[in-house]
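Here's the letter readout for the chains.
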Protein chains: 2
Amino acid sequence: MSVLAGLTAALSSGSVEIIDLTTPLSSETPILNLPQPFANTVGLSVSPVSNFDDAGPAWAWNDVTVGEHAGTHLDAPVHWITGKDGKSVDQIEPHRLVGPIVVIDKTTEVSADPDFLLEPEHFEQWQSEHGLFPENCWVIFRTGWAARGADAAAFVNADDAGPHTPGVSAAGAKWLAGNASISGFGVETVGIDAGQAGGLDPMFPVHSFLLGADKYGVTSLRNVDRLPVTGATLVVAPLPIVGGTGSPSRVYALVEKHVVEKDAAEKA
Amino acid sequence: MSVLAGLTAALSSGSVEIIDLTTPLSSETPILNLPQPFANTVGLSVSPVSNFDDAGPAWAWNDVTVGEHAGTHLDAPVHWITGKDGKSVDQIEPHRLVGPIVVIDKTTEVSADPDFLLEPEHFEQWQSEHGLFPENCWVIFRTGWAARGADAAAFVNADDAGPHTPGVSAAGAKWLAGNASISGFGVETVGIDAGQAGGLDPMFPVHSFLLGADKYGVTSLRNVDRLPVTGATLVVAPLPIVGGTGSPSRVYALVEKHVVEKDAAEKA
Ligand SMILES: [Mn+2]
Ligand SMILES: [Mn+2]
């Protein structure tokens, strides 16, 4: 049987499941909120074109306004000054947007410290347990943060010092950017950098190092707790906005049931 | 080897390729243009938030305004009066959006007659040659129309009687809606109905029958000529706009190289 005939059969039988990692997109979807004097993007707003009325008796449709970086979205290299001569979102090759998922689970650490940062040693520790990161992989940082998604204040988790959300240290971001196997980095939080990353050196190191190295980010992922540590396949689907710095994206994971079960058995 | 390990290996070796079926999204992307008194949707417009300036010294980003039904997009059941109690775009289960592709190629017929309509006999003829439509399939109507995509006037192909673009007859649409295996219908043109479908009975029969039967449409597909007749897998990725009648979508096809070659050999 060919690979795709096998995939079709597995989808039909349910042995491969499609898990939606995308945050539903509405006016309530949490978005990034930078401090003054920086400008901020907008969340979703909807404007009806017709709604079974004189403007369209048999049909309803809407126009929408939304930030390229609202909700679950992809960061393209041209979003950051380090990648400004790189790819816009429409120029990223599809084969970089579909690949094996590596889950790094720091739910326990983040629950104790919302400012927790991934360091090179965490990636090295993961590889010593599970093997080298596979070619063209997406590293997904599991933090449990999506559980706060229904509560905008808890999701942003800000005090006088700004937002407190987990991320990656400057050394960790440099490590990820230097790993040739990695296509991208995915997070449950509102952005790919930590809430306090404006104070790191360089500031916003994940943006700075990854986007400057032709790697990509996806944010506001849900259902990450349903992924096995290895063995799932990510499909990142941004709109191909010509020249765009990013795009709201649909993100699916293909998960093989016996992989999930095997992983659960190993933990038990 | 598990199904997904096989897929990962095939993507790495290039034996499975990801073909982008999406029209790039810009202010030039052709959109539907209905006659008076009906309201029309908008194409993409982009508004900068910052561009490596005081509003964001290290980053560039934009807000965008776009129709739910602009460019390559999905039609959800609630778009049409026959489906108004059905699913909005965010409610469509991901497993209905990923499935085997069936290509019906009428490029020759459409080149002779731009108003060409698919009839039930065309679907039956296809099945007599290639077997029954597989479970959860997407029927893609190959017409060669995407070749007109760079020329807005040629793409719409209108005269005093309105647009002349290929589609499906009322009987054909009813046939598709009645086939339990079909998840959706994809076209190269600006909408899932023919240019002259306002004059059919019921008017806009693909919208009317398919969206009323919990089937979906995708439009403005490119690169359909790179698909084998059978054996490829479609991934339709609309944004999960809460309550949305549709969404601009990224659409990928997974194609197995030997399947394409086998198909070409059969034609030779
Ligand atoms: Mn972003
Ligand atoms: Mn539409």
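Residues numbered from 1 in each chain as written. Chains lettered and ligands numbered in written order. Predicted model: local features only at pLDDT ≥ 70, side-chain atom pairs only at ≥ 80, totals over all residues. Heavy atoms only, no water.

Draft legend 1. Focus on the overall build of chain A. Tallying secondary structure elements over chain A gives seven helices and 14 strands in all. Radius of gyration (C-alpha) of chain A: 19 Å, near the 18 Å computed for a compact globule of 268 residues. For chain A, the spread of C-alpha atoms along the principal axes amounts to about 65 × 55 × 35 Å. By the burial criterion, 57% of the 268 residues in chain A qualify as buried. (Helix = DSSP H or I, 4+ residues; strand = E, 2+ residues; numbered from the N terminus. Rg over C-alpha atoms; globule rule 2.2 N^0.38 Å. Buried < 20%, exposed > 50% of the residue type's maximum accessible area, 1.4 Å probe, protein only.)

Draft legend 2. Spatial organisation of the pattern of salt bridges. In total, this model carries twelve salt bridges over all chains according to the counting rule given. A salt bridge links A:D20 to A:R250; the shortest N-O distance between them is 2.8 Å. Linking A:D20 in strand β1 (residues 16-20) with A:R250 in strand β14 (residues 246-256), this pair joins segments that are 230 residues apart in sequence. A salt bridge links B:R142 to B:D105, with the shortest nitrogen-to-oxygen separation between them at 3.5 Å. Within this pair, whereas B:R142 is found in strand β7 (residues 137-142), its partner B:D105 is found in strand β5 (residues 98-105), the two being separated by 37 residues in sequence. Relative accessible area serves as the criterion here: at 36%, B:D105 is assigned to the partly exposed category. Linked through salt bridges whose partners overlap, the residues forming this network are A:K87, A:E93, A:R96 and A:D214. (Salt bridge = Lys/Arg side-chain N within 4 Å of Asp/Glu carboxyl O.)

Draft legend 3. The pairing of strand β1 (residues 16-20) of chain B, seen in detail. All names here are of chain B. The buried count for β1 comes to four of five residues, which makes it a mostly enclosed element. Bridge count for β1 against strand β14 (residues 246-256) is five bridges, and the pairing is antiparallel. Residue pairing for β14: I19 is matched across the bridge by A253. (Pairing = 2+ DSSP bridges.)

Draft legend 4. Representation of the coordination of the manganese ion (ligand 1) within the structure. Residue and element names in this part refer to chain A. All of the protein donors around the manganese ion (ligand 1) are H69 (ND1), H73 (NE2) and D75 (OD); their distances to the metal are 2.0 to 2.3 Å. Considered as a linear motif, the donors of the manganese ion (ligand 1) on their single chain read H-x3-H-x1-D. Accessibility classification places H73 together with D75 in one group, the buried group. (Donors = N, O, S within 2.8 Å, 3.2 Å for Na, K, Ca; no water.)

Draft legend 5. Here's a closer look at the coordination of the manganese ion (ligand 2). All names here are of chain B. Only H69 (ND1), H73 (NE2) and D75 (OD) from the protein coordinate the manganese ion (ligand 2), and they sit 2.0 to 2.3 Å from it. Taken in chain order, the donor set of the manganese ion (ligand 2) reads H-x3-H-x1-D. Of the two residues, H69 and H73, neither departs from the other in class, the shared state being buried.

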